[in-house]
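# Structure at a glance
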Amino acid sequence: MTTLTSTLHRGSAYLGAWPQERQLAALFPEYRIITATRLGLRAMPALMVLCLLVQFQLGDPRYWPGVVSSVLFLASLPMQGLYWLGKRADTRLPPTLVSWYRQLYLKIAAAGVSITEPVAQPCYFHLGETLSLAFKQLDKSFIRDL
């Protein structure tokens, strides 16, 4: 059993490992989740400060419970994305994607790129690392060949 913080850290690592390529958007939800999470990580702190500053300008203490709940909600949005990514990173690949992962490994190895041995039971994190390496080292047309 993993803790919340380790899941969030794993999600953050997966956020950096998954390639942000539009060709993958039709195949995997990661592209959309990572885009939304990155936007949330950049925009939510400013929105939380804005929410607090507006409350200070209005100055009515009756609205503080609503402001606190709004700030907590805004803070939770990027964390939800990181949590989803952390859980997804540790999810094992279905059999069809395992064969695709192995074919991709063979293409990278055949191109002469140094790569570690494939794992026996890969998860989405391993696929993300391999796809990232493939997009950096191979011609981008490899996605159609697989």
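Scoring rules and cut-offs
- Residues take numbers from 1 onward in each chain, read along the sequence in its written order.
- Thresholds applied to this predicted model are a pLDDT of at least 70 for local features of residues and 80 or more for the giving and counting of side-chain atom pairs; totals over whole chains, interfaces and linings are not thresholded and use all residues.
- Side-chain measures were taken over the full set of non-hydrogen atoms in the model, leaving aside hydrogen atoms and water.
- Definition used for salt bridges: Asp or Glu carboxyl oxygen within 4 Å of a side-chain nitrogen of Lys or Arg.
- Elements are defined by DSSP. Helices are runs of H or I of four residues or more, strands are runs of E of two residues or more, and each kind is numbered from the N terminus.
- Any residue under 20% of the maximum accessible area for its type is buried, any over 50% is exposed, and the rest in between are partly exposed; the area is computed with a 1.4 Å probe on protein chains only.
- For our purposes a nonpolar core is just a set of buried Ala, Val, Leu, Ile, Met, Phe, Trp, Tyr and Cys residues, chained together by side-chain atoms within 4.5 Å.
- Expected span of a helix: the number of residues minus one, times 1.5 Å.
- Here, residues are in contact when the closest pair of their heavy atoms is within 4.5 Å.

Take the pattern of salt bridges next. Scanning the model with the defined rule gives two salt bridges in all. Between Asp-90 and Arg-10 there is a salt bridge, with the nearest N and O atoms lying 2.8 Å from each other. One end of the pair, Asp-90, is in the loop between α3 (64-89) and α4 (95-110); the other, Arg-10, is in helix α1 (residues 4-17), and 80 residues separate them in sequence. Accessibility expressed as a relative area gives 41% for Asp-90, which makes it partly exposed. A relative accessible area of 26% places Arg-10 in the partly exposed class. Ionic pairing is found between Glu-30 and Arg-88, a salt bridge with its closest N-O pair at 2.6 Å.

Moving on: the nonpolar core. By size, the foremost hydrophobic cluster in this structure holds 27 residues, and its most contacted members are Trp-18, Phe-28, Leu-127, Leu-131 and Phe-142. Of all the secondary-structure elements, those providing two or more residues to this core are α1, α3, α4, α5 (124-137) and α6 (142-145). The next biggest cluster of nonpolar side chains, apart from the first, holds five residues, and it includes Met-48, Val-67, Val-71 and Leu-74.

Right, let's talk about α1 for a bit. Helical periodicity: at 3.6 residues per turn, an α-helix aligns residues three or four positions apart in one direction. In this model α1 runs 20 Å from its N-terminal to its C-terminal C-alpha over 14 residues, within 8% of the 20 Å that 1.5 Å per residue would give. The set of residues buried in α1 consists of Thr-7, Leu-8, Gly-11, Tyr-14, Leu-15 and Ala-17. Residues of α1 that are buried make contact with α2 (30-58), α3 and α5.

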